[in-house]
Each structure stands twice: as C-alpha cells, then as structure tokens.
Amino acid sequence: MIDIFFPFQRLADDVTFKVFNLTPSSYIADALNFFMYDILKIGFLLLVINYFMAVVRYYLPIENIRSILSSRKWYGLDYLLAALLGVITPFCSCSSIPLFIGFVSAGIPLGVTFTFLISSPLVNESSLILFPALFGFKIAFLYNLVGILISIIGGFLIQRLHMERYIDPTFLNIKSASIDKSVHKHKKILVLLKHWWKEGFTISKTIFPYVVLGVALGAFIHGFVPKEFIEHTFLTKGFLSVPLAVLAGIPLYANSVSVIPFVEALVGKGIPLGTALAFMTSTVTLSIPEALMLKKVLKVPLLLTFFSITSVGILCIGFLFNAL
Amino acid sequence: MTIQVLGSGCSTCKKLYEITKETAQHLSLQQEVEYVSGSEGMKKIVELGLMSSPVLVVNGEVAMVGFSSDMKVIQEKILSILNKK
C-alpha cells in the first residue's frame, strides 16, 4: 500500500536529523520524530474530519435526524438507523440533554434514543477517519462494526427494561417546535465550500491544543519510557488489564482525537491493542461531566443502567481486540 | 430587546455567556445579556425545537446554535437579527 502520509514522515525526518541534527535512534530524536510526524498527520486529519463533519451537519442537522426517526414506524430498523446516525453526528456532552429530551419528546422510543446516545461518542468521525490511518483498515472496520452492534444491543436492552419511569416527567411534556432546517439550501457551492471550511477550521483550532498535548505525551512515552517499565508498571497482560483500563479512563475526559496519539504510543510499547482501545473508549465515552449532566433528567437507576451497558460494551471491545 | 444565552449549564455555555456579555458591551447595547441555564435553559432550548446547546437568542429569535469564541461572529449574529426590522 502506498503511504499517503509519506511526505509528513519526510518532513519529520528532515526536521529531526537535518535541522536539529540529532543522532538517529537516540531518545530525543525518537521523541521529536514521533512528535513532528504525529502533529502533522493528526493535524491534517483533524482538518479533514472537521471539514467533513461541517458538510454532514449542513445537510443533516440533528433536528432533521429527529424528523427521520420519528416520521414513521421503522419496525426495529430504527435501532440500526439511530446507530448509523450516531456515527456521523459529532457529540458534545453539552448537548446530551437537549438532544435526549428532544428525541424522547418527539415520540422516538427510549431504546432508540439510547442507541443514538451510546453510538455517538463510541463510534465517531475519528474512529472512521483516524483509525484506518493509525491502526489499519481491518482494525478500523472491526472497531466501528462492534461499536455499532454494542449501541444497538444496549438500546434494545434499555427498551426491554421499560425504564421510561426513570425520566424526570417535567421534561416529557415540553412541546417542541418542529423546525425545518433545510430552507437555506440555495446558496452557491463556492459560498458553501467556504462556509464549511470556516466552520471546520474553527472547530479544529479549538481542539488542536489538546491534540498537541496528547501527541507530546505520546512522544514522551515513545522516546523516553522503556518498554520494560510499561510492562512492569502496568498489568499489560491478563484478564484484569481491560477492566482496569476502563476504570482508569472514567475520571479522565478527553476528545478522542487527542487521546489517540497517546494510545498509539502505548500500543507501540507493548500494551495490547484491546487494552489500549478500552482505555481510549472509556475516556471518551464514560465521563463524569456527562453523567452529572444527564442526572438532571434521568433518575439514578436508568443512569446506572446506561453506564453499565456502555461499560460492558467497552469491556467487550477490549477483550475482543486483545484476543485478535 | 432581549439577548439571552440558553444553556444546559455546561462550561461551554457559560463561556458563550461571558463572550456575549463582552460583545454587547462592545456594541454599546443597553440591554443586559440574560443567562438561562439548568432545567429552565434546557426547557427553552427544546421548546425552540433545537437539540444542541448553547443557543444565542435575540428578541426571541434564534441567532446562533452552538459555540463560538469569536466576538466578531457573535456580533454579526446579533446584528443580523437587530437589523432585520
């Protein structure tokens, strides 16, 4: 396969060995090379992702997704649809409540709503675009497939448990105006291209500092932390490593793009892929800010069910990729 | 005239409120910028038919959905509704 990121590697090599004149395979050279290459590559992909997402949001705003899901009876297909729509919808814990109430008050079944809520952070634009670039197509495909399956099964379970009574009833009676966001579709393509670029660039700019932080941490591990240290300090093998990785990820909350370079460095140092992915997914999906946010509308039993199902899903991802 | 920032109470919403306040001062608008958060804010957002937060509302009309840290953008959005009349 031709490596489309070859120019980035060239540039990173040039900076490391020619500009800074570092000795190949010294600690500092390894770290700097990793840092340069990953900053360029992930920075580039970040722009691509956010541009792509701006286009998706323009043609398929979340309000229209709600109309699609509530427009007719789907006979179970709505779970699949909700999972797929969750993949392309960017997720921010800020919006989880308005989104949740908006879905439920529009008559979308609770299970389908949760399928969407699980799939949205679990499988996302970065697992679609960054994973193939970092871990290869096979892993990326499998991860996204398993993520979609988990969200469908999770939503289905919540529906089966009939947990509607655990939603704060004051929110269920809100009359929501239905709005059509497709009115502004007469703009010229050039105007649109510029608009998407601007929107994507603005978002990339806000995430970029965190990506730099993630890459710096990754570069440090890559260059300076010996493999033996990681193997001795962390339980890398064995049954417990995956649950521990999930637990470690809960108090941390980060954008998936910024955790990926860190995970990439850990995998390079011998942490099994499944354990590393479990850590990453847990950081991105299970977060305390989101739980506190959702607690305003969900009563504890439903909230706990939601988090347990997601945790079990992440454990499955961890064990599955460790077994590969 | 009213300017409101509706939010679920997250930090991004608060940030938008701060920036909007600054923008309103910059435009020397007399109106106070109102921050509606928590349950009240979420109810309002859903009532407007929206599903993302935060939301910037000017004179009851939705001026912007989502966050921007750019004062120029916020200024533009506020003025686009004020100049409608």
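What counts, and at which threshold
- Residues numbered from 1 in each chain as written.
- Chains lettered and ligands numbered in written order.
- Predicted model: local features only at pLDDT ≥ 70, side-chain atom pairs only at ≥ 80, totals over all residues.
- Helix = DSSP H or I, 4+ residues; strand = E, 2+ residues; numbered from the N terminus.
- Rg over C-alpha atoms; globule rule 2.2 N^0.38 Å.
- Buried ≥ 20, exposed ≤ 12 C-beta atoms within 10 Å, placed from the backbone.
- Contact = placed C-beta atoms within 7 Å.
- Pairing = 2+ DSSP bridges.
- Axes fitted to C-alpha atoms, helices over the stretch in contact; angles between N-to-C directions.
- Core = buried A, V, L, I, M, F, W, Y, C linked by C-beta atoms within 7 Å.
- pLDDT = per-residue confidence, 0-100.
- Arc of directions from axis to C-beta.

Student: Honestly, the overall build of chain A in this entry has me stumped. Any pointers?
Tutor: On a plain count of helices and strands, chain A comes out with 15 helices and 0 strands. Over its C-alpha trace chain A gives a radius of gyration of 21 Å, about what one expects of a compact globule, namely 20 Å for 324 residues. Taken along the three principal axes of its C-alpha coordinates, chain A extends 65 × 55 × 35 Å. Residue burial in chain A is summarised as follows: out of 324 residues, 41% are buried. Taking contacts inside chain A between residues at least 6 apart in sequence as the whole, the part at least 24 apart equals 85%.

Student: Would you mind going over the sheet that holds strand β4 (residues 61-65) of chain B with me for this structure?
Tutor: Note: strands within a sheet are paired through backbone hydrogen bonds, in either parallel or antiparallel orientation. Residues and elements named next belong to chain B. If you walk across this open sheet you meet the 4 strands as β2-β1-β3-β4, and the pairing is mixed. The open sheet has two edge strands with one neighbour each: β2 (33-36) and β4. Taken over all neighbouring pairs, the strand axes of this sheet differ in orientation by 25° on average, direction set aside. Sheet topology note: the strand β1 (residues 3-6)/β2 ladder contains 4 bridges and is parallel. Across the sheet, the residue bridging to Q4 is E34, located in β2. On top of the sheet, helix α1 (residues 11-26) reaches β1, β2 and β3 (55-58); it is set at about 165° to β1, its chief contact.

Student: What is the right way to read the nonpolar core from this model?
Tutor: For soluble globular proteins, the rule of thumb is that nonpolar side chains tend to be buried together. Membership of the largest hydrophobic core comes to 58 residues, with the highest contact counts inside it found for F100(A) and L56(B). The element contributing the most residues to this core is helix α6 (residues 110-122) of chain A, with 7 residues. Contact partners of F100(A), with chain neighbours within four places excluded, come to T113(A), L117(A) and V297(A). By size, the runner-up hydrophobic cluster in this structure holds 42 residues, among which are Y37(A), I260(A), L266(A) and M280(A).

Student: Would you take a moment to explain the confidence of the model for chain B for this structure?
Tutor: Close reading of the predicted structure is inappropriate where its pLDDT is low. When pLDDT is averaged along chain B, the result is 82, and 99% of the positions lie at 70 or above. Within chain B, helix α2 (residues 38-47) of chain B has the poorest average pLDDT of any element, 80, and β3(B) the best, 88.

Student: I'm lost on α2(B) in this one. Help?
Tutor: The periodicity of an α-helix, 3.6 residues per turn, causes residues three or four positions apart to be oriented the same way. Those residues of α2(B) that sit buried are G41(B), M42(B), I45(B) and V46(B). An end-on view of α2(B) places all buried positions within 130° of arc, on one side of the element. Of the surrounding secondary structure, the elements contacted by the buried residues of α2(B) are α5 (96-105) of chain A together with β1, β2 and β3 of chain B. Where α2(B) terminates, the next one or two residues include G49(B), which has phi positive at roughly 85°.

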